[in-house]
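Summary of the model geometry
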Amino acid sequence: MVAESHGPFGCAMLAPGERSPTRSRSARDDGFRERLADWLLFMVPLFIAEQRNASPEEIDRARAYALEQIASHGDDLQFGGKHQGSSRTALAKGFAILARAEGGVTALGVHACTAPHPHCPQRSDAPDLTKAMK
């Protein structure tokens, strides 16, 4: 029996309430977060598809590389620098790995998962969590 899934690209979407005008952040932060979220929405499904048939050992190597890259070059990821491209790619690959977990991942304004789950924002019967955030 094959487990239910969102398909080869999984589900990647803005987390509920992320682009709400009521949230107060600096203009610089809003621009960075929106651009990063948009970029993740584009890249994470591609990496989910790329990792679809990966062995546990391959996933573990990808996880270790992403962790090292982000930990070593997180400042380049956020502010630009020599390792910005590789650290952002590592972040997207990390999201794709975390999307495989039960319930997926919600961070940096993005929700990603590979299979339907009770509180998935994509589900039509999912509770509206934005009301609880206010």
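Residues numbered from 1 in each chain as written. Predicted model: local features only at pLDDT ≥ 70, side-chain atom pairs only at ≥ 80, totals over all residues. Heavy atoms only, no water.

All right, on to the nonpolar core then. Formed by 17 residues in total, the largest nonpolar core has its most connected members in Leu40, Val44, Leu91, Ala92 and Phe95. For this core, the secondary structure elements donating two or more residues are α1 (27–50), α3 (84–99) and β3 (110–113). Apart from residues no more than four positions distant in its own chain, leucine 40 is found in contact with Pro45, Leu91, Ala92, Phe95, Leu108 and Val110. (Core = buried A, V, L, I, M, F, W, Y, C linked by side-chain atoms within 4.5 Å. Buried < 20%, exposed > 50% of the residue type's maximum accessible area, 1.4 Å probe, protein only. Helix = DSSP H or I, 4+ residues; strand = E, 2+ residues; numbered from the N terminus. Contact = heavy atoms within 4.5 Å.)

To continue, consider the environment of arginine 33. With respect to the helices and strands, the residue arginine 33 is situated in helix α1. With 45 residues separating them along the chain, arginine 33 and glutamine 78 place their C-alpha atoms 9.5 Å apart.

Time to look at the confidence of the model for the chain. When the pLDDT values of the chain are averaged, the result is 82; 79% of them are 70 or greater. Within the model, the stretch residues 126–134 combines pLDDT values under 50 with nine contacts to residues more than four positions away or in other chains. (pLDDT = per-residue confidence, 0-100.)

As a further point, take the state of the cysteines. Inspection of every chain in the model, using the stated rule, returns zero disulfides. Between cysteine 113, a cysteine without a disulfide, and cysteine 120, which holds the nearest cysteine sulfur, the sulfur-to-sulfur distance is 3.7 Å. On the basis of relative accessible area, cysteine 113 is assigned to the buried category, the value being 1%. (Disulfide = S-S within 2.5 Å.)

Here the focus is the sheet that holds β3. Reading across the sheet, the three strands line up as β1-β3-β2 and stay open at both edges, with antiparallel pairing between neighbours. Here the strands that pair on one side only, and so sit at the sheet edges, are β1 (11–14) and β2 (105–107). Averaged over all neighbouring strand pairs, the angle between strand axes comes to 15 degrees, with direction disregarded. The pairing of β2 with β3 spans three bridges and is antiparallel. From the neighbouring strand, threonine 106 faces β3, where its bridge partner is histidine 111. Its contacts with the sheet put α3 on β2 and β3, and the angle it makes with β2 is roughly 140 degrees. (Pairing = 2+ DSSP bridges. Axes fitted to C-alpha atoms, helices over the stretch in contact; angles between N-to-C directions.)

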